[in-house]
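One letter stands for each residue in the lines below.
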Amino acid sequence: MYELFFNLVFKRMDPERAHYAAFRWIRGAARTPVLRTFVAAALAPRYEELRTEALGLRMHGPFGLAAGFDKNAVAIDGMAMLGFDHVEIGTVTAQAQPGNPKKRLFRLVPDRALINRMGFNNEGSEAVAARLAARKAVFKTVVGVNIGKTKVVPEEEAVGDYVASTERLARHADYLVVNVSSPNTPGLRNLQATESLRPLLTAVREAADRTVTDRRVPLLVKIAPDLADEDVDAVADLALELGLDGIIATNTTIAREGLGLKSDPSLVKETGGLSGAPVKERSLEVLRRLYARVGDRLVLVGVGGVENAEDAWQRILAGASLVQGYSAFIYEGPFYARAIHKGLAARLADSPYATLAEAVGAETRKAAQ
Ligand SMILES: Cc1cc2nc3c(=O)[nH]c(=O)nc-3n(C[C@H](O)[C@H](O)[C@H](O)COP(=O)(O)O)c2cc1C
């Protein structure tokens, strides 16, 4: 049914306009008590066996919404209503910024992919912090806060920019993510080099500890699939050295391999980050590599091309304690999270593992023996 609706309505609309239209419906439904109860009952059924504990947080399941969809934290309850077990808001930057000129979001429907060069359009950390402070949660869900660098701030001053966001946002975050991997802010991905990343993560950790004294806010870093394998290892080692809590793998890719056969070649040429099915293989590879290196010492979050329950299950077996999705939500629609939960519960029941936690990394461990 959603496929028909997508083809008749969304496909004819500009992708960004379609995004905001869907957003309005989701927010509207979440504000209407009877409707949200009905929708949540239908789309967010709870499976006891999928209950997840990660980053010291309890969740209904392992599957959440990746950053970028709800940049300004306006639809957390709406996304929870649709069955996402955690919602990562952002990327939020210290200063409000409009992002890149439109058009900046492109659908590559035959490839089940998106290209975006949104450029962190967001209201800035002050406004988002105020919204989170005033939020009266309807659904108890874990809220991750993803922060990035303001575009006009030079690379040499990046640390101060991230620290300003941390000081405003950490107290509202169940976990905090340092995003150094979006391809749409010039120079941002250079911060993944350990000599830049070490002072950045150290300063963010200190700022979080300084501003939130009643608990320890879990800190994660989000990396690009385009990192060379040695650089993935270097980030993993650094994360361990600095006592980080986890790594999110991966963001979108600047690569265009295997594209252009099905989708319009003029779309393939658009600059920006590619997400969805084409990034699946590399994201999974990066995750496996990370798990082989760090095992259970860090929480790994698997994201990139997770289209269905099988993909989510493969991420768990590869080493992900948590899994996220974005692009496939556009193509699969409101039943996306529900289908993943149902399929995960079935796969777990058919597997040799007694719990989801036991399944985490099982395939990667087996391959290493
Ligand atoms: C339109 C769009 C905007 C995004 N914005 C952000 C962002 O602001 N911050 C971030 O960390 N990731 C952002 N992402 C990346 C996603 O969170 C995710 O890492 C990536 O798309 C791969 O997952 P997917 O294949 O399920 O989409 C964005 C992705 C898309 C498609």
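Looking up the protein chain in an unreviewed UniProt entry gives the name Dihydroorotate dehydrogenase (quinone), with the organism given as Streptomyces goshikiensis. The UniProt entry for the protein chain carries the following text under Catalytic activity (unreviewed entry): "(S)-dihydroorotate + a quinone = orotate + a quinol". One UniProt comment on the protein chain, placed under Subunit (unreviewed entry), says "Monomer."

Let's shift gears to the pairing of strand β10 (residues 246–249). Residues G246 and I248 point to one face of β10 and I247 and A249 to the other, with burial holding for every one of them. For strand β9 (residues 219–223) and β10, the ladder comprises 4 bridges, and the chain directions are parallel. Bridge assignment links L220 to a residue of β10, and that residue is G246. Read as a crossover between parallel neighbours, the route from β9 over helix α8 (residues 229–241) to β10 is right-handed.

Strand order in the open sheet made by the 3 strands is β5-β6-β11, with antiparallel pairing throughout. Across the chains shown, the open sheet's two edge strands, defined by having one partner strand only, are β5 (105–108) and β11 (273–276). In this sheet, neighbouring strand axes are inclined to one another by 20° on average, regardless of whether the strands run parallel or antiparallel. Inspection of the sheet shows β5 paired to strand β6 (residues 113–116) by 4 bridges, in the antiparallel sense. Residue L108 lies in a different strand from β6, and its bridge partner there is A113.

With numbering aligned to this structure, UniProt lists the feature "binding site: substrate" (unreviewed entry) at K71, N116, R117, M118, G119, F120, N179, N184, N251 and T252. Turning to its location among the elements, K71 is positioned in the loop between β3 (63–65) and α4 (76–81). Looking at K71, the relative accessible area reads 13%, which means it is buried. Beyond its immediate chain neighbours, meaning those up to four positions away, K71 contacts G90, T91, V92, M118, F120, N121, N122 and V128. The residue F120 is located in the loop between β6 and α5 (125–134) in this model. Each residue touching F120, except ones within four places of it in the same chain, is listed here: K71, T91, T93, Q97, G148, K149, N179, S182, T185 and L188.

Let us look at the nonpolar core. I89, Y162 and I247 are the most contacted members of the largest nonpolar core, which has 91 residues in total. Apart from the residues lying within four places of it in its own chain, the contact partners of Y162 are I147, G148, K149, V178, N179, V180, L188, L191, L200 and V204. Core analysis: the second largest hydrophobic core is formed by 14 residues, L57, A66, Y175 and V177 among them.

The next point concerns the side chain of R36. Checked against the element boundaries, R36 lands in helix α3 (residues 33–43). Although buried, R36 forms no salt bridge, and the nearest oppositely charged side chain, D77, lies 6.9 Å from it. Only 2.9 Å separates the side chain of R36 from the backbone oxygen of A30, close enough to count as a polar contact.

This part covers the site of the ligand. The full set close to the ligand counts 25 residues, and A67, T91, G276, G305 and S327 are the nearest of them. The side chain of K222 places a nitrogen or oxygen atom 2.9 Å from an oxygen atom of the ligand. The contact in question runs from an oxygen atom of the ligand to an N or O atom on the backbone of Y326, over 3.0 Å. Here the ligand has 600 Å² of accessible area as a free molecule, and 98% of this is covered by the chains. The residue inventory of the shell around the ligand, partitioned by class, reads 8 nonpolar, 15 polar and 2 charged.

So, about α8. Spanning 13 residues, α8 covers 18 Å between terminal C-alpha atoms, matching the ideal 18 Å at 1.5 Å per step. Listing the buried residues of α8 in full gives V232, D233, V235, A236, L238 and A239. Where α8 is buried, its residues meet α7 (194–211), β9, β10 and α10 (280–294). At the C-terminal side of α8, G243 shows a positive phi close to 70°.

Analysis parameters
- Residues numbered from 1 in each chain as written.
- Predicted model: local features only at pLDDT ≥ 70, side-chain atom pairs only at ≥ 80, totals over all residues.
- Heavy atoms only, no water.
- UniProt positions renumbered as here; feature names shortened; annotations may be inferred.
- Buried < 20%, exposed > 50% of the residue type's maximum accessible area, 1.4 Å probe, protein only.
- Helix = DSSP H or I, 4+ residues; strand = E, 2+ residues; numbered from the N terminus.
- Pairing = 2+ DSSP bridges.
- Right-handed = clockwise from strand over helix to strand, strands pointing away.
- Axes fitted to C-alpha atoms, helices over the stretch in contact; angles between N-to-C directions.
- Contact = heavy atoms within 4.5 Å.
- Core = buried A, V, L, I, M, F, W, Y, C linked by side-chain atoms within 4.5 Å.
- Lys, Arg positive; Asp, Glu negative; His and termini not counted.
- Salt bridge = Lys/Arg side-chain N within 4 Å of Asp/Glu carboxyl O.
- Polar contact = N/O pair within 3.5 Å; in protein donor to acceptor, adjacent residues only side chain to side chain.
- Near = heavy atom within 4 Å.
- Areas by Shrake-Rupley, 256 points an atom, 1.4 Å probe, with all protein chains shown as cover.
- Nonpolar A, V, L, I, M, F, W, Y, C, P; charged D, E, K, R; others polar.
- Expected span 1.5 Å × (residues − 1).

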